Amino acid sequence: MKLLLRSELKMITDANLHEKYPDVYSDLRLLRFLRKSKDRDVNSAADRYRSFLQWREKNKVDEIRDMIEDCGGSFTPTSVRLQVVASYFPMNFEYLAQETDTFNLGDKPVVKPAILNVGEFDTRGITEKILSSNSDVALEDFLNYWIFLYESIHLILYQQSIQFGQMTFLDEVCDLSGLSLQQFSPSFVSRVMSPWLKMTQAYYPETTRRIFILHPPAIIKIAWKLVTPLLSQGTIDKIRFVRKFDGSADEFVESASWMD
């Protein structure tokens, strides 16, 4: 794979990017792209990684990566526009930021989960704001917020991978309490959710290990049909529905049920 990317890797080295952003331009990130490719196809993985580099340059992603240093790893962006986007999506990354040296699954280190309160996501509000002609937040800001989150996550995964001497992955706990069909308007699905999931699927492969779904509501089958066409089969295979847990997402994490 490195031979196929020889010219691209030389440009990274010449620009000293591998030392400034080792979490982005290291062999570990290359390996995530290789794991994503069917049957570990190096040609496909190299093409994906090449597209990743082009996307980062076009969208100035390294500048968003710099924001992580400015906010001290708090998962709260310094940009006011990105903070506005964050207010529509309640999530908890405190567990992820904790030390993980005492958490192991067999002989594999485990990074504690992030909690996404999906049932409380104000998708209707953010869609109206993005599509408004006089809005102070555009689709670009929405996508940049998720880039910021994924860059922050991958920095932690890189640090933990170095600490443990093997690749680590993120577990997500998605709490669907309160989820309704109003959150899946045609405008949100086609104009916001679609570019969002396409971006994260393409440029942040092999981020998650498992995705736990808590408190799935009666409408879950409809929501599933709307979301899964935008996900890779590999991502779908990581989803686990938790039907015998009545506690909160925090209680689920603290119970260590996600480590089973």
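One can find the structure itself at the top, above this paragraph.
Residues numbered from 1 in each chain as written. Predicted model: local features only at pLDDT ≥ 70, side-chain atom pairs only at ≥ 80, totals over all residues. Heavy atoms only, no water.

Undergrad: Teacher, can you tell me more about the side chain of R29 here?
TA: Here R29 is to be found in helix 3 (residues 27–36). Although R29 is buried, it makes no salt bridge; E151 carries the closest opposite charge, 4.8 Å away. Discounting residues that sit within four places of it in the chain, R29 has contacts with D23, V24, Y49, F52, H154 and Y204. (Helix = DSSP H or I, 4+ residues; strand = E, 2+ residues; numbered from the N terminus. Buried < 20%, exposed > 50% of the residue type's maximum accessible area, 1.4 Å probe, protein only. Lys, Arg positive; Asp, Glu negative; His and termini not counted. Salt bridge = Lys/Arg side-chain N within 4 Å of Asp/Glu carboxyl O. Contact = heavy atoms within 4.5 Å.)

Undergrad: Where do I start with the nonpolar core in this structure?
TA: Buried together is how nonpolar side chains tend to be arranged in soluble globular proteins. If you look at the biggest cluster of nonpolar residues, it comprises 69 residues, and the most contacted ones within it are Y49, F89, M91, F142 and W146. When residues of this core are assigned to their parent elements, the largest contribution, 12 residues, is made by helix 9 (residues 139–164). Excluding its chain neighbours within four sequence positions, the residues that come into contact with M91 are I115, L116, N117, F121, Y145, W146 and L149. Y95, L214, V242 and V253 belong to the second-largest nonpolar core, a separate cluster that totals 10 residues. (Core = buried A, V, L, I, M, F, W, Y, C linked by side-chain atoms within 4.5 Å.)

Undergrad: Please explain the pairing of strand 5 (residues 170–175) as it appears in this structure.
TA: A regular strand places its side chains so that they alternate between the two faces of the sheet. Extensive coverage of strand 5 is indicated by the burial of 6 of its 6 residues. Of the two faces of strand 5, the one carrying L170, E172 and C174 and the one carrying D171, V173 and D175 are both buried. Where strand 4 (residues 114–116) and strand 5 come together, 3 bridges link them in parallel fashion. Paired with L116 across the bridge in strand 5 is C174. Inspection of the sheet shows strand 5 paired to strand 6 (residues 208–214) by 6 bridges, in the parallel sense. Bridge pairing links D175 to L214 in strand 6. (Pairing = 2+ DSSP bridges.)

Undergrad: Even after reading the chapter, I still don't get the layout of surface pockets, so can you show me in this structure?
TA: By rolling a water-sized probe across the atoms, one finds the places where empty space is left. Size it by volume and the largest pocket reaches roughly 900 Å³. Forming the boundary of the largest pocket are 44 residues, of which E172, C174, L197, V227 and L231 lie nearest the centre. In terms of residues, the lining of the largest pocket owes the most to one element, helix 10 (residues 186–203), which gives 6 residues. Tallied by class, residues from the lining of the largest pocket come to 30 nonpolar, 9 polar and 5 charged. What the second largest pocket holds in volume is close to 320 Å³. (1 Å grid on protein atoms, 1.4 Å probe; cavity = no way out; pocket = protein on both sides within 12 Å on 5 of 7 lines; lining within 4 Å. Points joined across faces, edges and corners; volume = space filled by probe spheres on them. Nonpolar A, V, L, I, M, F, W, Y, C, P; charged D, E, K, R; others polar.)

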